[in-house]
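For reference, the chains in residue letters:
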Amino acid sequence: MNSELQAKRAVILRLLPIGLVAGLGLVGLLYFLVPPLRGVDTLADRMAVALRCAGVAALTLFAGIQAVASQRGNSAAIDPIAGAGREPRVMQIHARYTQNTLEQLVLFVIVLGALSTYLDAGAMHLLPILTAVFILGRIAFWVGYLRDPLFRSPGMAIAFVINGLSLIYIAYRTLRLLVGV
């Protein structure tokens, strides 16, 4: 492995724990500070909360799409075919942010829906908390990417820890349900 790649990996490995700790710390802190939701006693109520949170989280994707469209409209890339390869660097970053956000958002929406079926009314405030932290993570990812592509890693870690741990929890609960434990 060449030294430039090793140096870049070292930067990412130093920044990833910042995102992991920030993501978990914010979720934990907010879980105890934010009061439980009211009126979420039925599965339909809980799924409605999940859908509403997904709608709010989707603003991160909308912002990326808007940023790409704005950049495209103000550059040679206004014609995406004729301007191929001539996209400004900032537009390339916006496009990559948008693609990554789409990927993370798909997982996050699945997480919200599945969690809404397992959490009781007293724990449902976790969904808006996860949504807020997800959004902060996407902002950190984007801002970091714009400063230096290596600086996107804390924001990426936040989405990874939220989605990853939630999916593990969902898989565990589903397995218990299927096995009857």
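This text goes with the structure placed above it.
Basis of the calculations
Residues numbered from 1 in each chain as written. Predicted model: local features only at pLDDT ≥ 70, side-chain atom pairs only at ≥ 80, totals over all residues. Heavy atoms only, no water. Helix = DSSP H or I, 4+ residues; strand = E, 2+ residues; numbered from the N terminus. Buried < 20%, exposed > 50% of the residue type's maximum accessible area, 1.4 Å probe, protein only. Contact = heavy atoms within 4.5 Å. Areas by Shrake-Rupley, 256 points an atom, 1.4 Å probe, with all protein chains shown as cover. Lys, Arg positive; Asp, Glu negative; His and termini not counted. Charge placed at Lys NZ, Arg CZ, Asp CG, Glu CD. Salt bridge = Lys/Arg side-chain N within 4 Å of Asp/Glu carboxyl O. Phe/Tyr/Trp six-rings, centres within 6.5 Å; stacked < 30°, edge-to-face > 60°. Expected span 1.5 Å × (residues − 1). Core = buried A, V, L, I, M, F, W, Y, C linked by side-chain atoms within 4.5 Å. Patch = residues over 30% accessible without salt bridge, like charges linked within 9 Å, V, L, I, M, F, W, Y side chains within 5 Å.

Please clarify how the overall build of the chain should be interpreted in this entry.
Helix and strand content of the chain: 6 helices and 0 strands. In the chain, the succession of helices and strands from N to C terminus is α-α-α-α-α-α. Looking at the chain residue by residue over its 181 residues, the buried ones come to 36%. Considering only contacts in the chain between residues 6 or more positions apart, those separated by 24 or more positions represent 76%. Of the roughly 10300 Å² that the chain leaves accessible, carbon and sulfur atoms contribute 69%. In the chain, 15 positive and 8 negative side-chain charges are present, and the distance between their average locations comes to 5 Å.

How should the pattern of salt bridges be read in this particular structure?
Note that side chains of opposite charge can pair when their charged atoms are close. Enumeration according to the criterion identifies 1 salt bridge in this entry. One salt bridge connects Lys 8 with Glu 4, and the closest N-O pair in it is separated by 3.3 Å. You can see Lys 8 and its partner Glu 4 sitting in helix α1 (residues 3-33), 4 residues apart, about one turn around the helix. With relative accessibility at 36%, the residue Lys 8 sits in the partly exposed group. Glu 4 sits in the exposed class, given a relative accessible area of 52%.

Explain the packing of aromatic side chains to me, please; I cannot follow it from the model alone.
We describe a pair of aromatic rings using the distance from one ring centre to the other and the angle between the two ring planes. Under the definition given, this model contains 5 aromatic pairs. For the pair Tyr 97 and Phe 141, a centre-to-centre distance of 6.3 Å together with 35° between the ring planes defines the contact as tilted. Of the two residues, Tyr 97 is situated in helix α4 (residues 89-118) and Phe 141 in helix α5 (residues 126-147); the sequence distance between them amounts to 44 residues. When its relative accessible area of 2% is taken as the criterion, Phe 141 is described as buried.

Can you walk me through helix α6 (residues 153-179) in this structure?
The α-helix advances 3.6 residues per turn, and as a result positions three or four apart in sequence lie on the same side. Look at α6: 37 Å from first C-alpha to last across 27 residues, which is about the 39 Å you get at 1.5 Å a residue. All buried positions along α6 are accounted for by Ser 153, Pro 154, Gly 155, Ala 157, Ile 158, Ala 159, Val 161, Ile 162, Asn 163, Ser 166 and Ile 170. Residues of α6 that are buried in the fold lie against α1, α4 and α5. Looking one or two residues beyond α6, the residue adopting positive phi is Gly 180, at roughly 85°.

What exactly am I supposed to notice about the nonpolar core here?
A general feature of soluble globular proteins is that nonpolar side chains tend to end up buried together. Judged by nonpolar contacts, the single largest core of 29 residues is most densely connected at Leu 127 and Ile 162. Elements represented by at least two residues in this core include exactly α2 (43-57), α4, α5 and α6. No other element matches α4, which puts 7 residues into this core. Leu 127 has contacts with Arg 46, Val 49, Ala 50, Cys 53, Leu 112, Leu 115, Ser 116 and Leu 119, leaving out every residue within four places of it along the chain. One finds Ala 67, Ile 93, Phe 141 and Trp 142 within the second-largest nonpolar core, a separate group that totals 6 residues.

For this particular structure, what's the right way to read a nonpolar patch on the surface?
A grouping of Leu 102, Val 106, Leu 107, Ile 110 and Leu 167 is seen on the molecular surface, where their side chains present a nonpolar patch of about 380 Å² in accessible area. Top element by residues in the nonpolar patch is α4. It accounts for 4 residues. Following the sequence through the fold, Leu 102 ends up in helix α4. Judged by its relative accessible area of 38%, Leu 102 is partly exposed.

Would you take a moment to explain the environment of Val 27 for this structure?
Looking at where Val 27 falls in the secondary structure, it is placed in helix α1. It is 9.7 Å that separates the C-alpha atoms of Val 27 and Phe 134, two residues lying 107 residues apart in sequence. Leave out the neighbours within four places in its chain, and Val 27 touches Leu 126, Ile 129, Leu 130 and Val 133.

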